[in-house]
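Read off the chains here:
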Amino acid sequence: GVAREREGLDLHEMAVTLHELGVLYSKMARSAEAERSLGTALAIKRSLAKRDGRRGAGEIGALEGATVFRSVAASLHQLGVLAMTARPPRYKQAATRLQEALKLEGMHGGYTSSVRTAATRTQLGKIALRRGNLDEAEKQLKAALATLQKTYKSELHVNVASARHQLGLVAQLKLKWDDAAFHFQQALRIRQKVYASPCNIEVAFTLRELGRLERARGDLKAAEAYFQEHSGVIGRILENPKLTPAKITRVSKEAIACKYALRSLLREQKRTEDVKNCSEEIMDFKRRVAKAERTSEDMRKAAIISPCASQSLLAALRLRERLRTTILSCQANSIHLDLSWLKGDIDQVRTLARREDGGDHEVILAAINTIAKEMEEVKGTEDNYDIDTKALLLACDAIRGEARNRGIKVVDKVLKKKR
């Protein structure tokens, strides 16, 4: 009845929050936490999908069956990408998750589902390419591109560029030089237009491949021009003073890969002085990588030895403690849940986060946004003591997790129900 439908909605909200948190952790290269959050989200979504599969469509109410299955597919997709990018990669597990996601996306269509299907096929194409199955890779990538071309008529979208770039790699390995050049050129054109700055590492990736392609075709002058343009893009990216050590490492390693290709070309032309200069540049980038990796390690140790709390995190922790105590006290004593005080605290955290330029606030702000959304729902409900608070407590857990990741000890008190 109504209670079961309400329970399903509450669980779905929790799963969505966990999914979004997992995606944030993934973007922050915190893969273990990302897999935990996404894995839990997937388990909840599967239970909802299984339950709704046993019930009539009319009983599901607002929690539409197709939405649940698409939501399962979204978590499977993210977990598949995490398995593919793991060190070492888990290609078999990644392919299994992505194939299941593809099947669910195909069963429950729609505009969003078409875009997701294309993204999933692109990832399956990447896996096939890395495993050396070029025909399968080409099949998946062409299917992805066809879907994206129907969705984005101008083709000016990062997903189109990604599919084009991967098709270029496939064609290159098949020695289809003209096809490879066409796909790479299209990927480069799109990436230079869609990113806020043309000096983006994705642009650099495509420039490097174009240089390698032209060298393979025997046009050394064109190859060198692409490699030099790549160097200019990398140099401008590294001028950004806000780059994290992890990003400096990634960009510098990309620079090294391209410099090796350029040095090989210069050696072939017997340009001794240029080879020497290129070798020195490679060593400079290697030193930059070593320094960035030392900085990352020092930051990790510092977080363990001496806690690092920004003002926004401290404010979020104060909000969390007050919110958690209020919720648990109301639950223990079956009294109304008053969250009218929350708005000021939420505004304070957001203001502090904006002032702390360059800080890493994704997890904190995601949790605060969840709390703000739930607060609005409570405000418009008469029987607010009966509001499900799982999403609020989950947001509290996210803030606690972020504090612990920064070396701050958070101990929660347990409130007992009055007799």
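Source: prediction; values computed, not measured.

Rules used throughout
Residues numbered from 1 in each chain as written. Predicted model: local features only at pLDDT ≥ 70, side-chain atom pairs only at ≥ 80, totals over all residues. Heavy atoms only, no water. Helix = DSSP H or I, 4+ residues; strand = E, 2+ residues; numbered from the N terminus. Buried < 20%, exposed > 50% of the residue type's maximum accessible area, 1.4 Å probe, protein only. Contact = heavy atoms within 4.5 Å. Areas by Shrake-Rupley, 256 points an atom, 1.4 Å probe, with all protein chains shown as cover. Salt bridge = Lys/Arg side-chain N within 4 Å of Asp/Glu carboxyl O.

### Some details on the overall build of the chain
Part 1: The number of helices and strands found in the chain is 17 helices and 0 strands.
Part 2: A burial count over the chain gives 47% of its 419 residues as buried.
Part 3: Within the chain, counting contacts between residues at least 6 apart in sequence, those at least 24 apart form 67% of the total.
Part 4: Taken as a whole, the chain presents about 21,900 Å² of accessible surface, with 52% of it coming from carbon and sulfur.

### A few points about unusual backbone geometry
Part 1: Omega for the bond connecting Arg-87 with Pro-88 falls within 30 degrees of zero, at 0 degrees, which places this linkage in the cis form.
Part 2: Mapped onto the fold, Pro-88 is located in the loop between α4 (65–85) and α5 (91–107).

### Here's the deal with the pattern of salt bridges
Side chains carrying opposite charge are able to pair once their charged atoms draw close together.
Part 1: Using the criterion set out here, one finds 21 salt bridges in the structure.
Part 2: Here Lys-142 ties to Glu-138 by a salt bridge, and the two come within 3.3 Å at their closest N and O atoms. A residue pair is termed a helical-turn pair when its members lie 3 or 4 positions apart in one helix, as Lys-142 and Glu-138 do in helix α7 (residues 134–151) at 4 residues.
Part 3: Take Glu-138: its relative accessible area is 18%, and that puts it in the buried class.
Part 4: The salt bridge partner of Arg-212 is Glu-209, with a shortest N-O separation of 2.5 Å.

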